[in-house]
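A look at the structure
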Amino acid sequence: MGLMAAGLVACSPAAEKEPTPVEKAAAQAPVSDAVAEVPAVLTAVDLGRVCRAGLAAIHGQTLDAIEITGAEGEALNAQWRAPVDGGWMKAQCRAGDGLVVWKPLDLPDPTQVRWMNEAGDPVVRYTIRGEEIEIVQALPDGTTQQAMMAVRPEEEVS
């Protein structure tokens, strides 16, 4: 009997959790009228396109700066020149179901080498619009950043 009452309390409107600022921002992200695709599983070519666009938007880089260097399972390895010292920044990227998740690599502090999908991390969503990839980042403060990047499929090498 006590279990039943607990189940009812958990389902009551008073017990519903208030959405986080990131969840609110993601729900209000701008949407284009263009035909959009968010396939659950990406082809290898589209994974490369989405990861390049996502990493470029996240790190304030141009598409040309992001180089896909290989794959490990479902994650792609990428690198780009560091803007400060000209060294190489490296990361892994996964994408699917409309989300881009990335992990920095080769950092001096190993605790910072983790997938950026925890509470407090920006939520990065993608939409494929033909040759363009739309990236919308919902930041922890509730704001969003949007970028449209033209990444033609023929630019990618499997």
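Our subject is the structure that appears above.
First, a word on scope: everything that follows refers to the structure included in this document. (Residues numbered from 1 in each chain as written. Predicted model: local features only at pLDDT ≥ 70, side-chain atom pairs only at ≥ 80, totals over all residues. Heavy atoms only, no water.)

**Concerning the overall build of the protein**
- What the protein contains, in helices and strands, is three helices and seven strands.
- In sequence order, the secondary structure elements of the protein are arranged as α-α-α-β-β-β-β-β-β-β.
- Scored against the burial criterion, the 158 residues of the protein give a buried share of 36%.
- Within the protein, contacts between residues at least 6 apart in sequence are counted, and of these 42% link residues at least 24 apart.
- Looking at the protein as shown, the accessible area adds up to about 9,500 Å², and 56% of this sits on carbon and sulfur atoms. (Helix = DSSP H or I, 4+ residues; strand = E, 2+ residues; numbered from the N terminus. Buried < 20%, exposed > 50% of the residue type's maximum accessible area, 1.4 Å probe, protein only. Contact = heavy atoms within 4.5 Å. Areas by Shrake-Rupley, 256 points an atom, 1.4 Å probe, with all protein chains shown as cover.)

**Overview of the pairing of strand 5 (residues 123-129)**
- Taking burial as the measure, the seven residues of strand 5 include five buried ones, the bulk of the element.
- Pairing analysis gives seven bridges linking strand 5 to strand 6 (residues 132-138), with the strands arranged antiparallel. Within strand 6, the position partnered with Ile128 by the bridge is Ile133.
- Turn length for the strand 5-strand 6 hairpin, with the two strands adjacent in sequence and antiparallel, is two residues, and the turn residue Gly130 shows positive phi of about 70°. (Pairing = 2+ DSSP bridges.)

**Overview of helix 3 (residues 44-59)**
- Compared with an ideal rise of 1.5 Å per residue, which puts 16 residues at 22 Å, helix 3 spans 22 Å between its outermost C-alpha atoms and is within 8% of the ideal.
- Of all 16 residues making up helix 3, 13 are buried, and the element is well covered by its neighbours.
- Just downstream of helix 3, Gly60 is the residue with a positive phi angle, here 65°. (Expected span 1.5 Å × (residues − 1).)

**Digging into unusual backbone geometry**
- Its identity is not glycine, yet Asp97 carries a phi of approximately 55°, on the positive side.
- Mapping Asp97 onto the fold places it in the loop between strand 3 (88-96) and strand 4 (99-105).

**Some words on the pattern of salt bridges**
- By the definition in use, this model includes five salt bridges.
- Here Asp121 makes a salt bridge to Arg114, at a shortest N to O gap of 2.7 Å.
- Take Asp121: its relative accessible area is 11%, and that puts it in the buried class.
- For Arg114, a relative accessible area of 24% corresponds to the partly exposed category.
- Its salt-bridge partner being Arg129, residue Glu134 comes within 2.5 Å of it at the nearest N-O pair. (Salt bridge = Lys/Arg side-chain N within 4 Å of Asp/Glu carboxyl O.)

**Focus on the side chain of Asp46**
- Tracing the backbone shows Asp46 in helix 3.
- You can call Asp46 buried: its relative accessible area is 16%.
- A polar atom in the side chain of Asp46 sits 2.8 Å from the side chain of Arg49. (Polar contact = N/O pair within 3.5 Å; in protein donor to acceptor, adjacent residues only side chain to side chain.)

**Remarks on the sheet that holds strand 2 (residues 75-81)**
- If you trace the seven strands from one edge of the open sheet to the other, you get 1-2-3-4-5-6-7, paired in antiparallel fashion. Across the chains shown, the open sheet's two edge strands, defined by having one partner strand only, are strand 1 (67-72) and strand 7 (144-150). Taken over all neighbouring pairs, the strand axes of this sheet differ in orientation by 30° on average, direction set aside.
- On top of the sheet, helix 3 reaches strand 1, strand 2, strand 3, strand 4, strand 5, strand 6 and strand 7; it is set at about 45° to strand 6, its chief contact. (Axes fitted to C-alpha atoms, helices over the stretch in contact; angles between N-to-C directions.)

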